[in-house]
Amino acid sequence: MSKLKIAIQKSGRLSEKSLELLKDCGIKISTSSRKLRTESSNFPIEVLFLRDDDIPQYVEQGVADIGILGENEVWEKAKDVNTIRQLGFAGCKMCLAIPKDEVYTDLSYFEGKKVATSYPRILGNFFQDNNINVKIEEIGGSVEIAPSIGLANAIFDIVSTGSTLLTNGLKQVETVVESQAVLISNKNLETEKQAIVDRLLFRIEAVKQSSENKYILLNAPNEKLEEIIALLPGMKSPTVLPLAQEGWSSIHTVIKEDTFWDIIEQLKAFGAEGILVLEIEKMIL
Ligand code: ATP
Ligand code: MG
């Protein structure tokens, strides 16, 4: 039976999370050796460890069937591949920054200026869409020093905290796009391989759902049951069980991580007690 070849970053910001995702999907991969390829012992998948820049090309050509990389690289390389799922990690912004003492008004500031970047295609498309003429200086790395050495007036780069900008005397003035890790696939996968991708996606869905949700148990006074249940959507509706103590019930349900604190506060206000919040290991909808 043919194996699905997945390309992930060899070493860098995406490597650990990519392997962790596969592991959370129950896919065993030995990473003990420094090999550039390895097979899973319990899932029909072979992992290729590559530079992230090369992944779009390999997936387009079918050297790898699928790959995990930053969406920014997918846009920049503009290869003919399918982006099948955002993965929710390695989030970052791609920003324009200028020397911190410059006065910034709006995008027209950049008209006729030189901008240094490692992402000429994303930046070129952005300025073209906004009808602004700039000269793009493509450089491989250390983009932040370009203005201070006189190579460019501004830069376009990935920003997470902005501290690198500050230490180089720059300030962020525009966010052009936001990126995160994505799963891409070759456009002409054989049926057998597509079936493996579908199995993998099913597992990724379960892993992602579980990380976005919490299992919650609480005791509620019966006279407030209706109000409390109204706060708790649950997968279908919450489970309500009578407690041994007269006049009280136990409620079990699943809530979204991001609404969690709001809901807890309201529950307490309705007299809920003994609230337990548990991690969900996997969640199949
Ligand atoms: P490679 O050697 O594989 O080419 P790289 O140096 O190009 O690695 P990394 O710095 O490891 O790449 O970043 C990989 C991806 O992580 C980026 O393309 C981006 O999608 C994402 N990322 C998230 N936060 C940041 C950040 N603060 N700086 C750079 N990349 C980030
Ligand atoms: Mg790279």
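Residues numbered from 1 in each chain as written. Chains lettered and ligands numbered in written order. Predicted model: local features only at pLDDT ≥ 70, side-chain atom pairs only at ≥ 80, totals over all residues. Heavy atoms only, no water.

### Focus: the pattern of salt bridges
1) Next: Inspection of the entire model under this criterion finds 13 salt bridges.
2) Next: Put simply, Lys 77 and Asp 53 hold a salt bridge, and the shortest N to O gap is 4.0 Å. Within this pair, whereas Lys 77 is found in helix α3 (residues 71-77), its partner Asp 53 is found in the loop between β3 (45-50) and α2 (55-61), the two being separated by 24 residues in sequence.
3) Next: Residue Lys 77 is classed as partly exposed on the basis of its relative accessible area of 26%. (Salt bridge = Lys/Arg side-chain N within 4 Å of Asp/Glu carboxyl O. Helix = DSSP H or I, 4+ residues; strand = E, 2+ residues; numbered from the N terminus. Buried < 20%, exposed > 50% of the residue type's maximum accessible area, 1.4 Å probe, protein only.)

### Concerning the nonpolar core
1) Next: Formed by 36 residues in total, the largest nonpolar core has its most connected members in Ile 6, Leu 21, Ile 27, Ile 68, Leu 87, Ile 184 and Leu 200.
2) Next: When contributions to this core are tallied by element, the ones reaching two or more residues are β1 (4-9), α1 (15-24), β3, α2, β4 (66-70), β11 (181-185) and α6 (191-212).
3) Next: Among the nonpolar cores identified, the runner-up in size contains 18 residues, and Tyr 104, Phe 110, Phe 156 and Val 173 belong to it. (Core = buried A, V, L, I, M, F, W, Y, C linked by side-chain atoms within 4.5 Å.)

### As for the UniProt feature "domain: ATP phosphoribosyltransferase catalytic" (unreviewed entry) in the chain
1) Next: Those residues carrying the UniProt feature "domain: ATP phosphoribosyltransferase catalytic" (unreviewed entry) are residues 51-205 in this numbering.
2) Next: Strand forms 30% of residues 51-205 and helix 28%; the C-alpha atoms that close the span are 26 Å apart. (UniProt positions renumbered as here; feature names shortened; annotations may be inferred.)

### Describing the coordination of the magnesium ion (ligand 2)
1) Next: Each protein donor to the magnesium ion (ligand 2) is listed here as Asp 52 (OD) and Asp 53 (OD); together their distances run 2.0 to 2.1 Å.
2) Next: Owing to a relative accessible area of 24%, Asp 53 belongs among the partly exposed residues under this scheme. (Donors = N, O, S within 2.8 Å, 3.2 Å for Na, K, Ca; no water.)

### Digging into the sheet that holds strand β8 (residues 135-138)
1) Next: On the basis of which strands lie adjacent, the open sheet formed by five strands has the order β8-β7-β9-β6-β10 and mixed pairing. Of all strands in the sheet, those with a lone pairing partner are β8 and β10 (170-179), marking the two edges. With direction set aside, neighbouring strand axes in the sheet form an average angle of 25 degrees.
2) Next: Examined bridge by bridge, strand β6 (residues 92-99) and strand β9 (residues 154-159) share five bridges and lie antiparallel to one another. From the neighbouring strand, Lys 93 faces β9, where its bridge partner is Val 159. (Pairing = 2+ DSSP bridges. Axes fitted to C-alpha atoms, helices over the stretch in contact; angles between N-to-C directions.)

### Focus on the pairing of β4
1) Next: Where burial is concerned, most of β4 is hidden: five out of the five residues are buried.
2) Next: Bridge count between β4 and β11: five bridges; the pairing is antiparallel. Looking across to β11, one finds that Gly 70 is bridged to Ala 181.

### Some remarks on α1
1) Next: Listed as buried for α1 are Ser 15, Ser 18, Leu 21 and Leu 22. The buried residues of α1 occupy an angular sector of 135 degrees when projected down its axis, which confines them to one face. Residues of α1 that are exposed and angled more than 90 degrees away from the buried face: Glu 16 and Lys 23.
2) Next: Buried residues belonging to α1 abut β1, β3, β4 and α6.
3) Next: Backbone geometry just after α1 places Gly 26 at a positive phi near 80 degrees. (Arc of directions from axis to C-beta. Contact = heavy atoms within 4.5 Å.)

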